[in-house]
Amino acid sequence: MRATRTRTSSMPAWATGAAAAILGAVLAVPSAAVAEEAATTQAKEPAVISLGDSFISGEAGRWQGNGNTIRGSRYGTDLAAYACNASETFCFYDPTRVYGSSYANGCNRSTGAEIHHLNAVRVDGQTFEIAERNRINIACSGATTDNVLHTPFKGERPQIEQLADHAAAKDVKLIVVSIGGNDIGFSDVIADCVKGFSLPRYAGWHCSKTLGPQMPARIEAMSGKVKAVLEAVRGTMGDAGYQDSDYRLVLQTYPSPIPRGADNRYPESSYARLDTGGCPFYNDDSDWARDTLIPALAEAHEQTAASVDGVEFLDLQEALDGHEVCAKGVQQSAGGNTLVNPLPEAESEWARFIVSGLSQGQLQESMHPNFYGQRQMGECLNTMSGTATPSFTCPGPE
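Residues numbered from 1 in each chain as written. Predicted model: local features only at pLDDT ≥ 70, side-chain atom pairs only at ≥ 80, totals over all residues. Heavy atoms only, no water.

Where helix α6 (residues 159–169) contacts helix α9 (residues 215–239), the two axes come as close as 9 Å, and the packing angle between them is 35 degrees. For the pair α6 and α9, the sense of crossing is right-handed. Touching Ile160, Leu163, Ala164 and Ala167 of α6 are Ala232, Val233, Thr236 and Met237, all from α9. (Axes fitted to C-alpha atoms, helices over the stretch in contact; angles between N-to-C directions. Helix = DSSP H or I, 4+ residues; strand = E, 2+ residues; numbered from the N terminus. Left-handed = near helix turned anticlockwise from the far one by under 90°. Contact = heavy atoms within 4.5 Å.)

Summed over all chains, the structure comprises 18 salt bridges. For the salt bridge of Glu45 with Lys170, the shortest nitrogen-to-oxygen distance reads 4.0 Å. Of the two residues, Glu45 sits in the loop between α2 (32–43) and β1 (46–52) while Lys170 sits in the loop between α6 and β7 (171–178), which places them 125 residues apart along the sequence. Take Glu45: its relative accessible area is 25%, and that puts it in the partly exposed class. Asp171 is paired through a salt bridge with Lys173; the nearest N and O atoms lie 3.4 Å apart. Residue class for Lys173 comes out buried when judged on its relative accessible area of 8%. Members of the salt-bridge network, linked through shared partners, are Arg290, Glu318, Asp321 and Glu324. (Salt bridge = Lys/Arg side-chain N within 4 Å of Asp/Glu carboxyl O. Buried < 20%, exposed > 50% of the residue type's maximum accessible area, 1.4 Å probe, protein only.)

Before going further, it helps to spend a moment on empty space enclosed by the protein. Its boundaries defined by the atoms lining it, the largest cavity holds a volume of some 110 Å³. As for the largest cavity, its lining consists of 13 residues, of which Phe186, Ile190, Ile258, Phe281 and Ala289 are closest to the centre. Elements supplying a minimum of two residues to the lining of the largest cavity: α7 (186–198) and α11 (283–306). Each residue belonging to the lining of the largest cavity can be placed in one class, and the counts come to 11 nonpolar, 1 polar and 1 charged. Forming the boundary of the second largest cavity are Cys140, Asn147, Phe153, Glu156, Arg157, Gln159 and Gln162. (1 Å grid on protein atoms, 1.4 Å probe; cavity = no way out; pocket = protein on both sides within 12 Å on 5 of 7 lines; lining within 4 Å. Points joined across faces, edges and corners; volume = space filled by probe spheres on them. Nonpolar A, V, L, I, M, F, W, Y, C, P; charged D, E, K, R; others polar.)

Moving on, we get to the state of the cysteines. One pass over the full model with this rule turns up 5 disulfides. A sulfur-sulfur distance of 1.9 Å marks the disulfide that ties Cys193 to Cys207. Taking the sign of the S-S torsion, about 85 degrees here, the bridge from Cys193 to Cys207 comes out right-handed. Placement of Cys193 in helix α7 and of Cys207 in helix α8 (residues 207–210) is noted, with a sequence separation of 14 residues between them. Assessed through its relative accessible area of 0%, Cys207 is described here as buried. (Disulfide = S-S within 2.5 Å.)

Here we take up the sheet that holds strand β6 (residues 135–137). Within the open sheet, the 6 strands sit side by side as β6-β1-β7-β8-β9-β10. Their pairing is parallel. The open sheet has two edge strands, β6 and β10 (391–393), and neither has a second partner. Neighbouring strand axes in the sheet, compared pairwise and without regard to direction, differ in orientation by 20 degrees on average. The sheet strands contacting α11 are β8 (248–252) and β9 (312–315), and the helix crosses β9 at an angle near 165 degrees. (Pairing = 2+ DSSP bridges.)

To continue, consider the pairing of β7. β7 sits mainly inside the fold: 7 of its 8 residues count as buried. The sheet contact formed by β1 and β7 spans 7 bridges and is parallel. Directly across from Val48, in β7, lies its bridge partner Leu174. Across 4 bridges, the pairing between β7 and β8 is parallel. Residue Val177 lies in a different strand from β8, and its bridge partner there is Leu251.

Position of Arg218 among the secondary structure elements: in helix α9. A relative accessible area of 26% places Arg218 in the partly exposed class. For the pair Arg218 and Gly180, spaced 38 residues apart in sequence, the C-alpha separation works out to 10.0 Å. Beyond its immediate chain neighbours, meaning those up to four positions away, Arg218 contacts Ile184, Gly185, Val189 and Leu211.

Relative to the elements of secondary structure, Glu156 occurs in the loop between α5 (145–149) and α6. Glu156 sits in the buried class, given a relative accessible area of 17%. At a separation of 2.5 Å, a polar atom in the side chain of Glu156 contacts the side chain of Arg109. Leaving out residues up to four positions away in the same chain, Glu156 has contacts with Asn105, Cys107, Arg109 and Gln162. (Polar contact = N/O pair within 3.5 Å; in protein donor to acceptor, adjacent residues only side chain to side chain.)

On to the packing of α7 against α11. Where α7 contacts α11, the two axes come as close as 13 Å, and the packing angle between them is 165 degrees. By the angle class used here, α7 and α11 are roughly antiparallel. Here the hand of the crossing between α7 and α11 comes out right-handed. Contacts between α7 and α11 involve Phe186, Val189 and Cys193 from the former and Trp288, Leu293 and Ile294 from the latter. Residues that form the contact of α7 with α11 fall into these classes: 6 nonpolar, no polar and no charged. (Parallel < 35°, antiparallel > 145°, perpendicular 65-115°, else oblique.)

This is the structure we're talking about:
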């Protein structure tokens, strides 16, 4: 694993029971009830589950880097592209190649989501290998704590009810939760920052000034709701016959998709951040998001995890460090990059730039860890799950 710890003349792309029968025959048990119970127990394979919001569902997993073109494979970044011509300037697109059936309702659970990188879990001194079919993702983009606990969302039952089904069918060894960002209106914060930057200077504003004072109260209210989610998970697992020691429950925090102002490779005085980079944020707003808002969320999550017995904490604040949208030292894909010859991961941005959703992907994918970012987060989770540590900080990549 790698060490795991910123006005053009044209607008770019982003702005637009068989098993029971066999077992009974082999063992020839005298009681059909005993045979059925044995078969059920045998069928329960070790599993891991992710629940929560877009930062763990795999939103933006369609993209390996950012490419500023509406054509073809988008310079080798669009994993939904297929049947391209030789130069990849023309392709067909099928987002279900990445998001599967969840694309239809917008939950956007990607094939490269964090949970799919979890290979093994250490529980109570024993290591359990996790088959790919048992890495279960029930998170949904846009979900709030209420959608986990009570209210159906995008045509799906509350996630806690889905968890109960999987807990009965599988031998769950780890549950990882990402939730709370939508409860504080994180997407609205991003929209406010973008709009403030995009307007003429005399008419715009700085979101750190307009929204910053509101965040402490929002985060405080969020913490109680996140605690209720963790307690509900414990209760649901208990109802399914699990002891707390039978599995690990992890609460993770959020990484920053943008760098600090000084680390942005586009000057603040230029509209290149808007119409080239897809990172339309003022320096002070970037610094506030990176050094105040994200850490405040992390602190609240850490304290909430500590308030529920046995809950572990995964700190992902630095997971994308140096690979954020518009960060210095990395770049967008360009001409010559294709799906066959993509820009190397080490040189790419690991979060999705702001898009309009009109000509390249969906608006809701903006400002989320992309395929590379999700892999980095997954490797952090995999490292944590392979040890007995109850708290793990994912440092920045090399």
